[in-house]
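Inside the fold
Spelled out, the chains give:
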There are 2 protein chains.
Amino acid sequence: MSLRNLSINLATVRQQFTFGEAVDACLAQGVTAIAPWRDQIHAIGLPEAVEIVRSNNIRITGLCRGGMLSTGNRVGFAAAIDDNKRAIDEAAALGADCLVMVVGGLPKDSRDLLAAREIVAEGLATILPHALSNHVPLAIEPLHPMYAADRACINTLEQALDICDLLGDGVGVAVDVYHVWWDPKLSSQIIRAGAVNRILAHHICDWLVPTRDLLLDRGMMGDGVIDLRSIRKGIVSAGYSGPQEVEIFSSENWWKRPGEEVISICIERFLNTCNLPEEPLSEG
Amino acid sequence: MSLRNLSINLATVRQQFTFGEAVDACLAQGVTAIAPWRDQIHAIGLPEAVEIVRSNNIRITGLCRGGMLSTGNRVGFAAAIDDNKRAIDEAAALGADCLVMVVGGLPKDSRDLLAAREIVAEGLATILPHALSNHVPLAIEPLHPMYAADRACINTLEQALDICDLLGDGVGVAVDVYHVWWDPKLSSQIIRAGAVNRILAHHICDWLVPTRDLLLDRGMMGDGVIDLRSIRKGIVSAGYSGPQEVEIFSSENWWKRPGEEVISICIERFLNTCNLPEEPLSEG
């Protein structure tokens with residue numbers, strides 16, 4: 001069985017492993033694709049991270065994350081632009097498939113979502129030339145509406161794709177099931193995204209009932225209510241057959257277990273709950 | 001100053017007051033419109049509740065709530081239909097402006113949101129004749145996407161209005177800012193709803209940052225990030241000038257304060273944070 005189409009987002013084991021330890025633990029179980037966070041890269045230093053990635057032939061399905069464009073004032077905006085350009089440089093150095101963009105929520109003391117969305121669009125347009133010249137696609141990740149105030153004011157695939165249409169080449173979307181599973185327009189917008197090759201990443205986890213924390217209570221695939229296989233089918237039908245990337249923030253459960261066990265269960269659930277029968281399970 | 005356009009949803013003081021006590025407390029501060037929950041009516045008995053409403057000339061801006069159509073199996077569906085018909089009867093007896101519909105989430109052990117949505121549409125169509133003959137408009141309340149699994153699989157105004165279009169006369173929407181404030185299509189869908197007189201209720205509270213509980217951490221108007229006056233302006237422009245109804249579930253704050261204090265603060269915030277300058281503040 002091949003795990004070619006499984007990626008582990010390193011947030012899933014962020015409490016257990018450094019970048020290097022996470023890579024070793026993934027490789028030990030046959031996982032060759034990961035998605036690191038910038039703080040994990042910074043902790044080890046970019047050159048060493050690049051060396052680890054290259055020497056082990058690791059696929060980086062995305063670098064987390066750019067964005068946070070709308071959170072500050074004008075000084076904050078300029079700093080955010082600079083930081084996003086550095087993130088693009090890092091993604092390029094790592095050979096990442098994309099830079100995941102969590103665009104930012106309301107500016108401090110503001111209630112003006114429309115203004116925040118305009119700032120985000122302006123910010124994306126500002127960094128796009130740098131992304132294009134470095135061959136790093138920007139993956140706009142629409143976040144669940146419960147994060148509209150404090151994390152991302154782009155909250156549906158339709159909205160993200162409308163912005164992509166305005167921006168042109170070099171941008172697409174990260175489809176994270178946790179954020180979009182509820183959307184009545186999910187199927188139609190996945191088709192729309194696929195038709196113009198805008199699907200850059202497919203993140204998986206599960207929505208628990210009850211959910212005890214807005215941020216840190218994501219579930220392992222199969223433990224919640226998301227119809228993962230059905231969504232995967234739509235994404236594959238729309239033309240994206242890249243990896244499914246497991247991204248689980250779970251302060252009270254998965255972050256407290258041994259990292260090797262978490263990765264092992266990710267693999268088992270990926271194979272039994274997420275992967276499609278028609279997707280190749282073996283290679284060569 | 002008139003409080004004609006302020007209604008207190010009795011969930012806001014459900015830990016403090018019985019139905020009768022809540023009515024007295026509202027009247028004592030000049031509030032003459034309320035929205036009770038069915039359990040509060042049942043606790044006192046419908047005839048006595050009707051008597052209190054009539055003798056005090058109280059406006060019932062909505063009865064909470066019908067719905068939960070998709071939660072059970074087929075037996076559960078039949079029981080839900082019966083229960084919704086009883087809710088319509090109660091709303092008619094109380095002279096309520098509408099019956100608020102929280103339609104239900106996923107059936108037990110199901111991950112099929114599309115199927116749930118079909119059951120909901122079927123259920124609404126089934127009870128609609130009874131609602132029409134009793135002159136009780138059904139107000140579909142799109143709930144925030146974070147409740148898609150366990151409370152309501154109708155999660156945007158657009159989706160609710162699409163269902164209204166299918167059903168025809170006798171249905172509309174309850175616009176609760178807590179559920180829809182994040183929606184990039186909020187303005188356009190409010191205009192759409194108003195153009196065909198589908199806005200049946202306008203509920204207010206606030207979105208706190210951080211939100212500590214998915215259900216029971218709603219904020220008082222002005223304490224969060226929702227641009228209440230801007231949304232009110234859109235709703236009034238769209239043709240709805242009915243009451244703003246304060247509905248706050250707050251287990252750790254507002255439910256722990258004296259009910260009179262909560263109502264007093266609702267009034268103050270309504271006047272200073274929600275009401276439009278151009279809306280009449282005084283009468284006669």
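Remember, predicted model here, so these are calculated numbers, not experimental data.

Moving on: the overall build of chain A. The helix and strand inventory of chain A stands at 10 helices and 9 strands. Computed over C-alpha atoms, the radius of gyration of chain A comes to 18 Å, within 12% of the 19 Å expected from 2.2 N^0.38 for 284 residues, which places it in the range of a compact globule. With respect to the principal axes defined by its C-alpha atoms, chain A has extents near 50 × 45 × 35 Å. Accessible area for chain A stands at about 10,700 Å²; split by element, carbon and sulfur atoms hold 52% of it. Here chain A contributes 24 positive and 36 negative side-chain charges, whose respective centroids are spaced 3 Å apart.

Time to look at the environment of A160 of chain B. Residue and element names in this part refer to chain B. For A160, the location among the structural elements is in helix α6 (residues 157-167). On the basis of relative accessible area, A160 is assigned to the buried category, the value being 0%. A sequence separation of 149 residues divides A160 from A11, and the C-alpha atoms of the two residues are 23 Å apart. Once residues lying within four places of it in the same chain are set aside, the contact partners of A160 are I140, P142, I154 and V173.

With 29 residues of chain A at the interface, the matching set in chain B holds 29 residues. A combined buried area of about 2,300 Å² lies between chain A and chain B, and 67% of that area is made up of carbon and sulfur atoms. Where chain A meets chain B, there are 2 salt bridges. One salt bridge connects K185 of chain A with E158 of chain B, and the closest N-O pair in it is separated by 3.3 Å. At the boundary of chain A and chain B, one finds 8 residue pairs in polar contact (both at pLDDT 80 or more). Of all the secondary structure elements, the ones that give two or more residues to the side of chain A that touches chain B are α5 (113-133) and α6 (157-167) of chain A. Here the side of chain A that touches chain B is composed, by residue class, of 14 nonpolar, 7 polar and 8 charged.

The next subject is the packing of aromatic side chains. Residues and elements named next belong to chain A. Within this structure, the stated rule accounts for 9 aromatic pairs over all chains. Each ring, one from W181 and one from W207, has its centre 6.1 Å from the other, and the planes form 40 degrees; the classification is tilted. Remark: W207 occurs in the loop between β8 (199-204) and α9 (228-237) and W181 occurs in the loop between α7 (177-180) and α8 (186-195); sequence separation between them is 26 residues. In terms of burial, W181 and W207 fall into one category: buried.

At an RMSD of 0.0 Å, chain A and chain B line up after a rotation of 180 degrees and a shift of 0.0 Å along the axis. What the superposition gives is, in effect, a two-fold axis relating one chain to the other. When the interface residues of chain A are mapped onto chain B, 100% of them again lie at the interface, so the same face is used by both copies.

So, about the pairing of strand β4 (residues 63-67) of chain A. All names here are of chain A. Burial runs high along β4: 4 of the 5 residues are buried. Pairing of β4 with strand β5 (residues 99-102) involves 4 bridges; the strand directions are parallel. Counted as the bridge partner of G66 is M101 from β5. Read from β4 through helix α4 (residues 74-94) to β5, the crossover connection turns out right-handed.

This part is about the pattern of salt bridges. All names here are of chain B. Per the counting criterion, the structure on display carries 34 salt bridges over all chains. A salt bridge links R86 to D83, with the nearest nitrogen and oxygen atoms 3.4 Å apart. Taken together, the residues span about one helical turn, with R86 and D83 both in helix α4 (residues 74-94) at a distance of 3 residues. In this structure R86 comes out as partly exposed when scored by relative accessible area, which is 45%.

Turning our attention to the nonpolar core. W181 and W207 of chain A together with W181 and W207 of chain B are the most contacted members of the largest nonpolar core, which totals 192 residues. If we ignore the near neighbours within four places in the chain, the residues touching W181 of chain B are L113, A148 and A149 of chain A together with L186, W207, V225, I226 and I231 of chain B.

Residue and element names in this part refer to chain A. Spatial strand order, β3-β2-β1-β9-β8-β7-β6-β5-β4: 9 strands in an open sheet with parallel pairing. At either margin of the open sheet sits one strand with a lone partner, and together these are β3 (59-60) and β4. In the sheet, strand β6 (residues 138-140) pairs with strand β7 (residues 171-176) via 3 bridges, with the strands oriented parallel. Residue pairing across strands places A139 opposite G172, the latter belonging to β7. Here α4 sits on the sheet in contact with β3, β4, β5 and β6, set at roughly 155 degrees to β4.

Residues and elements named next belong to chain B. Alternating residues of strand β5 (residues 99-102) divide into L99 and M101 and V100 and V102, and every residue in both groups is buried. Strand direction decides the pairing type here: β5 and strand β6 (residues 138-140), joined by 3 bridges, are parallel. Counted as the bridge partner of V100 is A139 from β6. Taken together, β5, helix α5 (residues 113-133) and β6 constitute a β-α-β crossover, and its handedness is right-handed.

With that out of the way, let us pick up the sheet that holds β6 of chain B. Residue and element names in this part refer to chain B. Within the open sheet, the 9 strands sit side by side as β3-β2-β1-β9-β8-β7-β6-β5-β4. Their pairing is parallel. Only two strands of the sheet have a single partner each, and these edge strands are β3 (59-60) and β4 (63-67). The sheet contact formed by strand β1 (residues 6-9) and strand β9 (residues 244-246) spans 3 bridges and is parallel. Bridge pairing in β9 links L6 to Q244. Sitting on the sheet, helix α9 (residues 228-237) touches β7 (171-176), β8 (199-204) and β9, and the angle it makes with β8 is about 170 degrees.

Right, let's get into the packing of helix α1 (residues 19-28) of chain B against helix α3 (residues 46-55) of chain B. The relative placement of two packed helices is expressed as an angle between their axes plus a distance between the axes. All names here are of chain B. Following both chains from N to C, one finds α1 and α3 inclined at 10 degrees, their axes separated by 11 Å at the closest point. Judged by the inter-axis angle, α1 sits roughly parallel to α3. Only A49, I52 and V53 of α3 make contact with α1, whose side of the interface consists of F19, G20 and V23. Looking at the contact of α1 with α3 residue by residue, the class counts come to 5 nonpolar, 1 polar and no charged.

Residue position: D109 of chain A is located in the loop between β5 and α5. With 69 residues separating them in the primary sequence, D109 of chain A and Q40 of chain A have C-alpha atoms 31 Å apart.

We now examine the confidence of the model for chain A. In the predicted model, chain A carries a mean pLDDT of 96, and 97% of its residues have values of at least 70. The ipTM value of the predicted complex is 0.96, and its pTM value is 0.96.

What counts and what doesn't
- Residues numbered from 1 in each chain as written.
- Chains lettered and ligands numbered in written order.
- Predicted model: local features only at pLDDT ≥ 70, side-chain atom pairs only at ≥ 80, totals over all residues.
- Heavy atoms only, no water.
- Helix = DSSP H or I, 4+ residues; strand = E, 2+ residues; numbered from the N terminus.
- Rg over C-alpha atoms; globule rule 2.2 N^0.38 Å.
- Areas by Shrake-Rupley, 256 points an atom, 1.4 Å probe, with all protein chains shown as cover.
- Lys, Arg positive; Asp, Glu negative; His and termini not counted.
- Charge placed at Lys NZ, Arg CZ, Asp CG, Glu CD.
- Buried < 20%, exposed > 50% of the residue type's maximum accessible area, 1.4 Å probe, protein only.
- Contact = heavy atoms within 4.5 Å.
- Buried area = accessible area lost by both parts, 1.4 Å probe.
- Salt bridge = Lys/Arg side-chain N within 4 Å of Asp/Glu carboxyl O.
- Polar contact = N/O pair within 3.5 Å; in protein donor to acceptor, adjacent residues only side chain to side chain.
- Nonpolar A, V, L, I, M, F, W, Y, C, P; charged D, E, K, R; others polar.
- Phe/Tyr/Trp six-rings, centres within 6.5 Å; stacked < 30°, edge-to-face > 60°.
- Least-squares fit on C-alpha atoms with pLDDT ≥ 70 in both.
- Pairing = 2+ DSSP bridges.
- Right-handed = clockwise from strand over helix to strand, strands pointing away.
- Core = buried A, V, L, I, M, F, W, Y, C linked by side-chain atoms within 4.5 Å.
- Axes fitted to C-alpha atoms, helices over the stretch in contact; angles between N-to-C directions.
- Parallel < 35°, antiparallel > 145°, perpendicular 65-115°, else oblique.
- pLDDT = per-residue confidence, 0-100.

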